[in-house]
Amino acid sequence: MPYTEATILEAHRFLTVVPFNIPHIAVRNSTIGGYNIKKGSQIWLNIWGLHHDETIWGDPENFRPERFLDDNDRVLTAEHRFRKCLLPFGTGRRVCVGKNLANNRLFLFLCSMLQRFEFNPEDGKTVEWDSKQMRFGLALSHKPYKMRFTPRNK
Ligand code: HEM
């Protein structure tokens, strides 16, 4: 189900639930991208910035799952630049241990909900989206909004 998988990838990018990763400490003096990092420095990875960088994504403020599909509507492989620039679970030795569990759950949850319900905003309303108005914390969350879930068999 490539479009569903692409939608989950795009949701990871667009929402970036953990915007600044979990802070790390440099264990030795090192150089990254021309910057000298002193041993003991606290490192905050700006994943939200990476996921909303116009020079990478072109139109980062648009929710567009198609960006993760190739010309044959297959999900881009892990080698594609977009996939390499998508780091919702961090990267390297301390990458999220729940990554596979979370992705499996997201897929099953999304599919089973979409099979059973139609989702719509409250009657006559639209849900306004502004990624700069999220509730900030270790994890980002949207301010409350109301949705109508209608069983698909009715
Ligand atoms: C969409 C869901 C999730 C997101 C976006 C997410 C994101 C992250 C991120 C960004 C990190 C920091 C990685 C780093 O330091 O480089 C992390 C670490 C971690 N996550 Fe998740 N996570 C998710 C779900 C889960 C789940 C379901 C579990 C457990 C069942 C989990 C357990 C952990 C643990 C234990 C760490 C610390 C790993 C370490 O420091 O070695 N996460 N997660």
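Here the structure is a predicted model, which means the values were calculated and not measured. (Residues numbered from 1 in each chain as written. Predicted model: local features only at pLDDT ≥ 70, side-chain atom pairs only at ≥ 80, totals over all residues. Heavy atoms only, no water.)

Draft legend 1. Geometry of the coordination of the iron atom of the ligand. If you check the protein contacts of the iron atom of the ligand, you find one donor only, Cys96 (SG), at 2.3 Å. Relative to the helices and strands, Cys96 is located in the loop between helix H4 (81–84) and helix H5 (99–116). (Donors = N, O, S within 2.8 Å, 3.2 Å for Na, K, Ca; no water. Helix = DSSP H or I, 4+ residues; strand = E, 2+ residues; numbered from the N terminus.)

Draft legend 2. Broad picture of the site of the ligand. Asn21, His24, Arg94, Cys96 and Val97 are the nearest of the 14 residues found near the ligand. Contact distances for the ligand include 3.1 Å between an oxygen atom and a side-chain N or O atom of Asn21. Between the ligand and Arg94, the relevant distance is 2.7 Å, taken from an oxygen atom to a side-chain nitrogen or oxygen of the residue. Tallied by class, residues from the shell around the ligand come to 8 nonpolar, 5 polar and 1 charged. (Near = heavy atom within 4 Å. Polar contact = N/O pair within 3.5 Å; in protein donor to acceptor, adjacent residues only side chain to side chain. Nonpolar A, V, L, I, M, F, W, Y, C, P; charged D, E, K, R; others polar.)

Draft legend 3. A look at the side chain of Arg13. By the secondary structure assignment, Arg13 is in helix H1 (residues 2–15). In this structure, Arg13 is in contact with His51, His52, Trp57, Pro60, Asn62, Arg67, Phe68 and Leu86, ignoring residues within four places of it in sequence. (Contact = heavy atoms within 4.5 Å.)

Draft legend 4. View of the side chain of His51. Here His51 shows up in helix H2 (residues 47–51). Looking at His51, its side chain comes within polar contact range of the side chain of Thr16, at 2.8 Å.

Draft legend 5. Main features of the UniProt feature "binding site: heme" (unreviewed entry) in the protein chain. Per the UniProt record, "binding site: heme" (unreviewed entry) is found at Cys96. Among the residues examined, Cys96 registers a relative accessible area of 33% and is labelled partly exposed. (UniProt positions renumbered as here; feature names shortened; annotations may be inferred. Buried < 20%, exposed > 50% of the residue type's maximum accessible area, 1.4 Å probe, protein only.)

Draft legend 6. Spotlight on H1. Look at H1: 20 Å from first C-alpha to last across 14 residues, which is about the 20 Å you get at 1.5 Å a residue. Listing the buried residues of H1 in full gives Thr4, Ala6, Thr7, Ile8, Leu9, Glu10, His12, Arg13 and Phe14. Check the buried side of H1 and you find it contacts H2, helix H3 (54–57), H4 and H5. Positive backbone phi, approximately 45 degrees, marks Thr16, located one or two places after H1. (Expected span 1.5 Å × (residues − 1).)

Draft legend 7. Here's a closer look at the packing of aromatic side chains. The tally for this structure, following the rule as stated, stands at 7 aromatic pairs. Ring centres of Phe14 and Phe63 lie 5.5 Å apart, and the angle between their planes is 85 degrees; on these two criteria the pair is classed as edge-to-face. Of this pair, Phe14 sits in helix H1 while Phe63 sits in the loop between H3 and H4, and the two are 49 residues apart along the sequence. Ring geometry for Phe20 versus Phe136: centroids 5.8 Å apart, planes at 75 degrees, classification edge-to-face. Of this pair, Phe20 sits in the loop between H1 and strand S1 (24–25) while Phe136 sits in the loop between strand S5 (117–121) and strand S6 (147–151), placing them 116 residues apart in sequence. Judged by its relative accessible area of 60%, Phe136 is exposed. An aromatic cluster is built from Trp57, Phe68 and Phe82, whose rings are joined through pairwise contacts. In this structure, Arg13 is placed above the aromatic ring of Trp57, and the distance from its NZ or CZ to the ring centre is 5.4 Å. (Phe/Tyr/Trp six-rings, centres within 6.5 Å; stacked < 30°, edge-to-face > 60°. Lys NZ or Arg CZ within 6 Å of the ring centre and 35° of its normal.)

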